[in-house]
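Fold and geometry: a report
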Amino acid sequence: MTKASFATHPFLLGFEQLDRLVERSTKNDGYPPYNIEQSGDSAYRITLAVAGFAEENLTITIEDAQLKIAGNQVDDGPERVFLHRGIAARQFLRSFVLADGVEVRGAWLENGLLHIDLTRQQPQSVVRKIKING
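Summarised in this report is the structure supplied together with it. Computed from a predicted model, the values in this text were never measured in an experiment.

1. Digging into the overall build of the protein
The helix and strand inventory of the protein stands at 1 helix and 7 strands. Along the protein, helices and strands appear, N-terminal first, in the series α-β-β-β-β-β-β-β. Taking all 134 residues of the protein together, the buried fraction comes to 22%. Excluding contacts between residues fewer than 6 apart, the proportion of contacts in the protein whose partners are at least 24 apart in sequence is 49%. With an accessible surface of roughly 10500 Å², the protein has 52% of that area assigned to carbon and sulfur atoms.

Okay, here's the thing in structure tokens:
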């Protein structure tokens, strides 16, 4: 039995990697919540709700066309006794697949929200004539 996907369409050649990227990107859980907004024709902003995380507890990296945001809170240890603990020290890894030409322009932390600005470079149209060898 074969797995059907959009990359198996006969007019889409060489797009097998897109299937793998889509599969990788769906492995996120729901934490932390986030927004994605379009702030211009070729500009985007990702905002993550990271209340309780300090700047030194957050890491933003790009690896294999994937934007990865990681948070690591340190538990205070056994010296604190909680009668109720509804705010857990929790780690997270949120990732977003970036298209070719999308670049991170900047990131900042403000009022418990981590903002990441992205821009997309407009691709140049390239026409190349192929010689037919007979």
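Next comes the rest of the account.
2. Some remarks on the environment of L48
Tracing the backbone through its elements, the reader meets L48 in strand β2 (residues 43–49). For L48 and I36, which are 12 residues apart along the polypeptide, the C-alpha to C-alpha distance reads 8.9 Å. Those residues within four positions of L48 in sequence are excluded, and the remaining contacts are P32, P33, Y34, I69, F92, R94, G112, L113, L114 and I116.

3. A closer look at the nonpolar core
Counting residues in hydrophobic clusters, the biggest one holds 14 residues, and the most contacted among them are L48, L67, I69 and I116. Of all the secondary structure elements, the ones that give two or more residues to this core are β2, β4 (66–72), β5 (91–97) and β7 (113–120). In terms of residues, this core owes the most to one element, β7, which gives 3 residues.

4. What about the pairing of β7?
Most of β7 sits inside the fold, with 6 of its 8 residues counted as buried. As defined by bridge partners, β2 adjoins β7 across 7 bridges and the pair is classed as antiparallel. Paired with Y44 across the bridge in β7 is L118. In the sheet, strand β6 (residues 102–110) pairs with β7 via 8 bridges, with the strands oriented antiparallel. Counted as the bridge partner of E103 is T119 from β7. In this structure, the hairpin formed by β6 and β7 is closed by a connection of 2 residues, where N111 is found at a positive phi of approximately 55°.

5. Side note on the sheet that holds β4
Sheet architecture is open: 3 strands sit in the order β3-β4-β5, paired in antiparallel fashion. Either end of the sheet is taken by a strand with one partner, and the two such strands are β3 (58–63) and β5. Averaged over all neighbouring strand pairs, the angle between strand axes comes to 15°, with direction disregarded. Relative to β4, β3 runs antiparallel, the two sharing 6 bridges.

6. Structural notes on the sheet that holds β6
Spatial ordering of the open sheet is given by β1-β2-β7-β6, a layout of 4 strands whose pairing is antiparallel. Strands with a single pairing partner mark the edges of an open sheet, and in this sheet they are β1 (34–40) and β6. Along the sheet, successive strands turn relative to each other by an average axial angle of 20°, direction set aside. For β1 and β2, the ladder comprises 6 bridges, and the chain directions are antiparallel. Bridge pairing in β2 links E37 to R45.

Reading the values: rules and limits
Residues numbered from 1 in each chain as written. Predicted model: local features only at pLDDT ≥ 70, side-chain atom pairs only at ≥ 80, totals over all residues. Heavy atoms only, no water. Helix = DSSP H or I, 4+ residues; strand = E, 2+ residues; numbered from the N terminus. Buried < 20%, exposed > 50% of the residue type's maximum accessible area, 1.4 Å probe, protein only. Contact = heavy atoms within 4.5 Å. Areas by Shrake-Rupley, 256 points an atom, 1.4 Å probe, with all protein chains shown as cover. Core = buried A, V, L, I, M, F, W, Y, C linked by side-chain atoms within 4.5 Å. Pairing = 2+ DSSP bridges. Axes fitted to C-alpha atoms, helices over the stretch in contact; angles between N-to-C directions.

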